[in-house]
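Summary of the model geometry
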Amino acid sequence: FRVCYTKKTLFIIFFGILLFTLAGLVFILKADMFAADANFSSESNWFADVLFYKILGWVDLCFFTILGSVAYFKFSKSPWLFTVNEKGIILPEGFVEWESVARVYLYEMKGTVLLRINVKSNAAEYLKRNYSRFQKFLALVQEKNTFSYPVSGTNVDIHELYEFMRSHLKKCSKKTSV
């Protein structure tokens, strides 16, 4: 199984980023109009200041432009979330053999299904060597032995993938117990 986002999901992500970037431009270009509308309220507040809307627009524009650039380069460089095969799981962080996997389970959070992979030892051991110390530190600070990936909006049947992974995990546990 090669798990990646569907084109529809990628389109929604990039459309949302583009929409918020355009909203930043509107705040910058129409700051006078927004401030004038806020002036009609009975009390004086910072919403009536043109500078507020210009700063809000620039912050919005910078944030969503950077976010869009990072997302574009991440998905164009490697659109795959992870790959599951007979030998193990190829994650963006590194390769995990089936013998090192302790548990695989699905976890739902606010409508998004996450595939959680528990490994027997510390997750930082599976990180590629080219990760910075800070990235390895972040992996250590998070759950010590769990990798999580959103599988909603991907190109595979979630339950078929889950059953495939569970069957390989059972085969591997039978080999080690014999």
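That block above? That's the structure.
Here goes a summary of the coordinates provided. Since this is a predicted model, take the numbers as computed values, not measurements.

Procedures and definitions
Residues numbered from 1 in each chain as written. Predicted model: local features only at pLDDT ≥ 70, side-chain atom pairs only at ≥ 80, totals over all residues. Heavy atoms only, no water. Helix = DSSP H or I, 4+ residues; strand = E, 2+ residues; numbered from the N terminus. Buried < 20%, exposed > 50% of the residue type's maximum accessible area, 1.4 Å probe, protein only. Areas by Shrake-Rupley, 256 points an atom, 1.4 Å probe, with all protein chains shown as cover. Phe/Tyr/Trp six-rings, centres within 6.5 Å; stacked < 30°, edge-to-face > 60°. Pairing = 2+ DSSP bridges. Axes fitted to C-alpha atoms, helices over the stretch in contact; angles between N-to-C directions. Patch = residues over 30% accessible without salt bridge, like charges linked within 9 Å, V, L, I, M, F, W, Y side chains within 5 Å. Salt bridge = Lys/Arg side-chain N within 4 Å of Asp/Glu carboxyl O. Core = buried A, V, L, I, M, F, W, Y, C linked by side-chain atoms within 4.5 Å. Contact = heavy atoms within 4.5 Å.

Next up on the list: the overall build of the chain. Along the chain, the regular secondary structure elements total 5 helices and 7 strands. Scored against the burial criterion, the 178 residues of the chain give a buried share of 34%. When the accessible area of the chain is evaluated, it comes to approximately 12,000 Å², of which 64% is carbon and sulfur surface.

Turning our attention to the packing of aromatic side chains. Applying the stated rule across the entire model yields 5 aromatic pairs. Where Phe11 meets Phe15, the ring centres are 6.0 Å apart and the plane angle is 20 degrees; that geometry is what we call stacked. Of this pair, Phe11 and Phe15 both sit in helix H1 (residues 7-29), separated by 4 residues, roughly a single helical turn. The exposure class of Phe11 is exposed, given its relative accessible area of 57%.

A few words now on the side chain of Thr83. Of note, Thr83 is situated in strand E2 (residues 80-84). Among the residues examined, Thr83 registers a relative accessible area of 15% and is labelled buried.

Direction of pairing for strand E5 (residues 101-109) relative to strand E6 (residues 112-119): antiparallel, over a ladder of 8 bridges. Opposite Tyr107, over in E6, you have Leu114 as the bridge partner. The antiparallel pairing of E5 with E6 creates a hairpin that spans 2 residues between the two strands, and Lys110 there sits at a positive phi of about 50 degrees.

Below, the discussion takes up the sheet that holds E5. Strand order in the open sheet formed by 3 strands is E5-E6-E7, with antiparallel pairing between adjacent strands. Of all strands in the sheet, those with a lone pairing partner are E5 and strand E7 (146-150), marking the two edges. Averaged over all pairs of adjacent strands, the angle between their axes in this sheet comes to 20 degrees, without regard to strand direction.

Turning to the sheet that holds E2, a few remarks are in order. Whenever strands of a sheet pair, they do so through backbone hydrogen bonds, lying parallel or antiparallel. Spatially, 4 strands are ordered E1-E2-E3-E4 in an open sheet, and the strand pairing comes out antiparallel. Two strands in the sheet have a free side with no partner beyond their single neighbour: strand E1 (2-4) and strand E4 (95-97). The mean angle between the axes of side-by-side strands here comes to 15 degrees, regardless of whether they run parallel or antiparallel. Of the strand pairs in this sheet, strand E3 (residues 88-90) and E4 are connected by 3 bridges, and their pairing is antiparallel. Considered in E4, the bridge of Ile89 is made with Val96.

Together, Phe11, Ile12, Phe15, Leu19 and Phe20 line one region of the surface with nonpolar side chains, adding up to about 550 Å² of accessible area. In this fold, Leu19 is placed in helix H1. Judged by its relative accessible area of 48%, Leu19 is partly exposed.

Take the nonpolar core next. The biggest cluster of nonpolar side chains holds 25 residues, and the ones touching the most others in it are Phe82, Ile89, Leu115, Ile117 and Met165. Among the elements of the structure, E2, E5, E6, E7 and helix H5 (158-177) are those that each provide at least two residues to this core. Per-element tally for this core: the top contributor is H5, with 6 residues. Not counting residues up to four positions away in its chain, the partners in contact with Met165 are Val84, Ile89, Trp98, Val104, Leu115 and Ile117.

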